[in-house]
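# Chain and residue survey
Here is how the chains run, residue by residue.
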Amino acid sequence: QVQLVESGGGLVQPGGSLRLTCAASGRTLSSPAMAWFRQAPGKEREIVAASTRTGGQTYYANNVKGRFSISRHNAKNTVYLQMNYLKREDTAVYYCAAGWYNGVQLGNTTTQYDNWGQGTQVTVTS
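Attention in this report is confined to the structure presented alongside it.

How each quantity is defined
Residues numbered from 1 in each chain as written. Predicted model: local features only at pLDDT ≥ 70, side-chain atom pairs only at ≥ 80, totals over all residues. Heavy atoms only, no water. Disulfide = S-S within 2.5 Å. Helix = DSSP H or I, 4+ residues; strand = E, 2+ residues; numbered from the N terminus. Buried < 20%, exposed > 50% of the residue type's maximum accessible area, 1.4 Å probe, protein only. Core = buried A, V, L, I, M, F, W, Y, C linked by side-chain atoms within 4.5 Å. Pairing = 2+ DSSP bridges. Axes fitted to C-alpha atoms, helices over the stretch in contact; angles between N-to-C directions. Salt bridge = Lys/Arg side-chain N within 4 Å of Asp/Glu carboxyl O.

Let's shift gears to the state of the cysteines. Within the structure shown, the criterion is met by 1 disulfide. Across a sulfur-sulfur distance of 2.1 Å, cysteine 22 and cysteine 96 are joined as a disulfide pair. Between cysteine 22 and cysteine 96, the S-S torsion sits near 55°, and that sign places the bridge as right-handed. Here cysteine 96 lies in strand E9 (residues 92–99) and cysteine 22 lies in strand E3 (residues 18–25), a separation of 74 residues in the sequence. You'll find cysteine 22 and cysteine 96 in the same group, each marked buried.

Bringing the nonpolar core into the picture now. If you look at the biggest cluster of nonpolar residues, it comprises 26 residues, and the most contacted ones within it are Leu4, Trp36, Val48, Phe68, Leu81, Met83 and Tyr94. Put simply, the parts of the chain that give this core at least two residues each are E3, strand E4 (33–39), strand E5 (46–52), strand E7 (68–73), strand E8 (78–83), E9 and strand E11 (120–124). In terms of nonpolar packing, the next biggest core, distinct from the first, is built from 8 residues, Ala33, Ala35, Phe37 and Ile47 among them.

Once that is clear, we can look at the sheet that holds E8. What the 4 strands build is an open sheet, ordered E1-E3-E8-E7; its pairing is antiparallel. The two strands at the open ends of the sheet, each matched to only one other strand, are strand E1 (3–7) and E7. Between one strand and the next, the sheet's axes are offset by a mean angle of 15°, whatever the strand orientation. Inspection of the sheet shows E3 paired to E8 by 6 bridges, in the antiparallel sense. What sits directly across from leucine 18, in E8, is methionine 83.

Quick look at the pattern of salt bridges now. Applying the stated rule across the entire model yields 3 salt bridges. In this structure, glutamate 46 engages arginine 38 in a salt bridge whose closest nitrogen and oxygen atoms are separated by 2.9 Å. Residues joined in a network through salt bridges with shared partners are Arg38, Glu46, Arg67 and Asp90.

Printed below as a string of structure tokens:
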């Protein structure tokens, strides 16, 4: 099993930046796909970004393209989400997830990931 622990969340003003870190243990290095999801109050959990093991393929939700970047440092068993130019609508609990890659397209739904962290809160406000 894979254990995932997120960190790096906090309160930031619009336009600011945060870097989220997911520390992984277990079989994380063998997971073909890693992803970040987020869930705002009263909303469904939604995809933010996903990456294959080497970062050769990435996926970004339309509303974060050009602002967020996912990366993996496999030697350190970590996955990052760099968030720049944050907006109020980015406020949510952010979760990292580990799953599998079908060789064609990265998963962008929660059912395609089978290991989850506990989440870290990101609040964007003036």
